[in-house]
2 protein chains.
Amino acid sequence: MEKFSITDKTEITRLPKRGVYDKETVYSILDEAMFCTLAYVRDGQPFQIPTGFCRIDNKLYIHGSVGSFYMRELAEKKLPVCISVTFMDGLVLARSAFHHSVNYRSVVVFSEATKVEDQGELYTVLEVFTNKLQPGRWDDVRKPDAGEWKATMVLSFDIQEASAKVRTGGPKDDDDDYNLDIWAGVVPLKIERKEPIPDDVLKPGIAFPDYLK
Amino acid sequence: MEKFSITDKTEITRLPKRGVYDKETVYSILDEAMFCTLAYVRDGQPFQIPTGFCRIDNKLYIHGSVGSFYMRELAEKKLPVCISVTFMDGLVLARSAFHHSVNYRSVVVFSEATKVEDQGELYTVLEVFTNKLQPGRWDDVRKPDAGEWKATMVLSFDIQEASAKVRTGGPKDDDDDYNLDIWAGVVPLKIERKEPIPDDVLKPGIAFPDYLK
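I will try to describe carefully the structure that is included in this document. Everything quoted here is computed from the prediction, not taken from an experiment.

Membership of the largest hydrophobic core comes to 72 residues, with the highest contact counts inside it found for A:Leu74, A:Phe157, B:Leu74 and B:Phe157. Sequence-distant contacts of A:Leu74, that is, excluding residues within four places in its chain, are made with A:Leu38, A:Tyr40, A:Leu79, A:Val81, A:Ala113, A:Leu155 and A:Phe157.

This is how it looks when you write it as structure tokens:
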């Protein structure tokens, strides 16, 4: 199994047994996540931007307007960035307040931005991005015209350093506490897609797409 | 309606109409969020930590082990931090690829850490934190003993600067595209609590708590 190297920046020092460095796990968490938070530094001050993204091979991609100040800044100044995604998969209810926890999967990536100039790469990214949001969608929609392509900026981030941190399973209580008359267990949390809501001005007679069923 | 002042750091410059500065909206998004990502800077490099938190009045609180290096560092060096939470509430499927979007609510807070030393405040924070995770839980569990209190560090963050960014509603397409034979609308996303899973070694005869029903 291929792994990311453990570095000063990515080594999990708190609860190291929860650290995961294999690429398969890191990629699968990234691919399931609908958005990331991107952190960067300006004048010593940290900033965070939540944004959609997709992964292709060992690169993450974000997109935005060519007018986006922060995106231009990231690419032009080669600012170091930290990108993270987190899923909270469950509330872990222990018998003691102290041992309450959560089940989660998180990934932290360190990289820097490169502006994507290649038109083929740009097109592929937008297709992957759209189909990540909604599988099957790209083939169904009006594709970007020349003006829209020109208005779109895409940045790539080579996944130079990365680690995941994962907790699964039930509560771990102190030995003495297992005998207490307190319910313990896990409340699973799940992000669900609900029934799609058609646009108010949807053209009459348009079939509901198979990929949304 | 009380508002946070708009500052250089919190002004929404991209799509400013989505910017929201009233405290009620900012607080309600923070209170619904089960975790935040906290960004800080070490040697010019941004780092992010996903962590649970709660809000009391105009302060955010996180907790962890007294051994947590980053928490000690935040408090001792008074490092500037950026804290964010994000909900993705829906996929906005427009007729054109270009106008695809997402409905979301996000908050970004700028602050710095103060270590909570007051025992009363510490106790209140842990109670609010636990009941935020699972309403009703605190009264039901074994409370921290002296050693557990000693092992717990709580940091507070005064919400000095904050803004929210919110998108709601359906797709906005170019005029010419409304006549295309393409389905458009919103796929709502929702974080759901599923059926609780009892601990494998749950003591027999323990009633399922009302607050989990």
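It is worth spelling out the interface of chain A and chain B at this point. Interface size, as often reported, equals the accessible area lost upon joining of the parts. Counting residues at the interface gives 83 residues for chain A, matched by 83 residues for chain B. For the pair chain A and chain B, the summed buried area comes to about 7200 Å², and 65% of that belongs to carbon and sulfur atoms. For the chain A face of the interface with chain B, the top three residues by lost area are A:Gln48, A:Arg142 and A:Trp183, together amounting to 11%. On the surface where chain A and chain B come into contact, there are ten salt bridges. B:Arg142 is the salt-bridge partner of A:Asp174, the closest N and O atoms lying 3.5 Å from each other. The tally of links between chain A and chain B comes to 36 residue pairs in polar contact (both at pLDDT 80 or more). Taken together, the elements giving at least two residues each to the side of chain A that touches chain B come down to strand 2 (36–42), strand 3 (45–51), strand 6 (80–93), strand 7 (101–115), helix 3 (119–133), helix 4 (146–151), strand 10 (185–193) and strand 11 (197–198) of chain A. Across the side of chain A that touches chain B, the residue classes break down as 48 nonpolar, 18 polar and 17 charged.

So, on to the packing of aromatic side chains. In total, this model carries 14 aromatic pairs over all chains according to the counting rule given. Considering the side-chain rings of A:Phe110 and B:Phe47, the 5.3 Å spacing of their centres and the 65 degrees angle between planes classify their relative orientation as edge-to-face. One end of the pair, A:Phe110, is in strand 7; the other, B:Phe47, is in strand 3 (residues 45–51), on a second chain. A:Phe110 sits in the buried class, given a relative accessible area of 3%. Between B:Tyr123 and B:Trp149, the ring centres sit 5.4 Å apart and the planes meet at 40 degrees, which makes this aromatic pair tilted. Of this pair, B:Tyr123 sits in helix 3 (residues 119–133) while B:Trp149 sits in helix 4 (residues 146–151), and the two are 26 residues apart along the sequence. On the basis of relative accessible area, B:Trp149 is assigned to the buried category, the value being 16%. Ring pairing ties together the aromatic residues A:Tyr40, A:Phe47, A:Tyr70 and B:Phe110, which thus form one cluster. Positioned above the aromatic ring of A:Phe87 is the side chain of A:Arg105, whose terminal nitrogen or guanidinium carbon lies 4.5 Å from the ring centre.

Residues and elements named next belong to chain A. A positive phi angle, close to 50 degrees, is found at Asp-43, a residue other than glycine. Within the element layout of this structure, Asp-43 appears in the loop between strand 2 and strand 3. Positive phi outside glycine occurs at Lys-78, with the angle close to 50 degrees. In this structure, Lys-78 sits in the loop between helix 2 (69–77) and strand 6. On the basis of relative accessible area, Lys-78 is assigned to the partly exposed category, the value being 37%.

What follows is about the relation of the copies chain A and chain B. When chain A is brought onto chain B, the operation consists of a screw motion whose angular component is 180 degrees and whose axial shift is 0.0 Å, with 0.0 Å RMSD remaining. Here the transformation between the copies is reduced to the relation of a two-fold axis. When C-alpha positions in chain A are compared against the rotation axis, the closest is assigned to A:Ile191, at 2.1 Å. A high fraction, 100%, of the interface residues of chain A reappear at the interface in chain B, so the copies pair face to face through one surface.

Quick look at the pairing of strand 7 (residues 101–115) of chain B now. All names here are of chain B. The element strand 7 is extensively covered by neighbouring structure, given that twelve of its 15 residues are classed as buried. Pairing geometry for strand 6 (residues 80–93) and strand 7, over twelve bridges, is antiparallel. Note that in strand 7 the partner of Met-88 across the bridge is Tyr-104. Examined bridge by bridge, strand 7 and strand 9 (residues 161–167) share seven bridges and lie antiparallel to one another. Residue pairing in the sheet places Phe-110 in a bridge with Glu-161 of strand 9.

With that out of the way, let us pick up the pairing of strand 8 (residues 152–158) of chain B. All names here are of chain B. Counting buried positions along strand 8 yields six of seven residues, so the element is predominantly enclosed. Looking at chain direction, strand 5 (residues 59–65) and strand 8 are connected through seven bridges and run antiparallel. The residue bridging Lys-59 from the neighbouring strand is Asp-158, located in strand 8. Examined bridge by bridge, strand 7 and strand 8 share three bridges and lie antiparallel to one another. If you follow Ala-113 over to strand 8, its bridge partner there is Phe-157.

The next point concerns helix 1 (residues 23–32) of chain A. Residues of helix 1 of chain A that are buried include every one of A:Lys23, A:Val26, A:Tyr27, A:Ile29 and A:Leu30, and no others. Along the long axis of helix 1 of chain A, the arc covered by the buried residues comes to 165 degrees, so they all point the same way.

Rules and cut-offs
Residues numbered from 1 in each chain as written. Chains lettered and ligands numbered in written order. Predicted model: local features only at pLDDT ≥ 70, side-chain atom pairs only at ≥ 80, totals over all residues. Heavy atoms only, no water. Core = buried A, V, L, I, M, F, W, Y, C linked by side-chain atoms within 4.5 Å. Buried < 20%, exposed > 50% of the residue type's maximum accessible area, 1.4 Å probe, protein only. Contact = heavy atoms within 4.5 Å. Buried area = accessible area lost by both parts, 1.4 Å probe. Salt bridge = Lys/Arg side-chain N within 4 Å of Asp/Glu carboxyl O. Polar contact = N/O pair within 3.5 Å; in protein donor to acceptor, adjacent residues only side chain to side chain. Helix = DSSP H or I, 4+ residues; strand = E, 2+ residues; numbered from the N terminus. Nonpolar A, V, L, I, M, F, W, Y, C, P; charged D, E, K, R; others polar. Phe/Tyr/Trp six-rings, centres within 6.5 Å; stacked < 30°, edge-to-face > 60°. Lys NZ or Arg CZ within 6 Å of the ring centre and 35° of its normal. Least-squares fit on C-alpha atoms with pLDDT ≥ 70 in both. Pairing = 2+ DSSP bridges. Arc of directions from axis to C-beta.

From the geometry alone we can't say anything about function, so treat these as descriptive.
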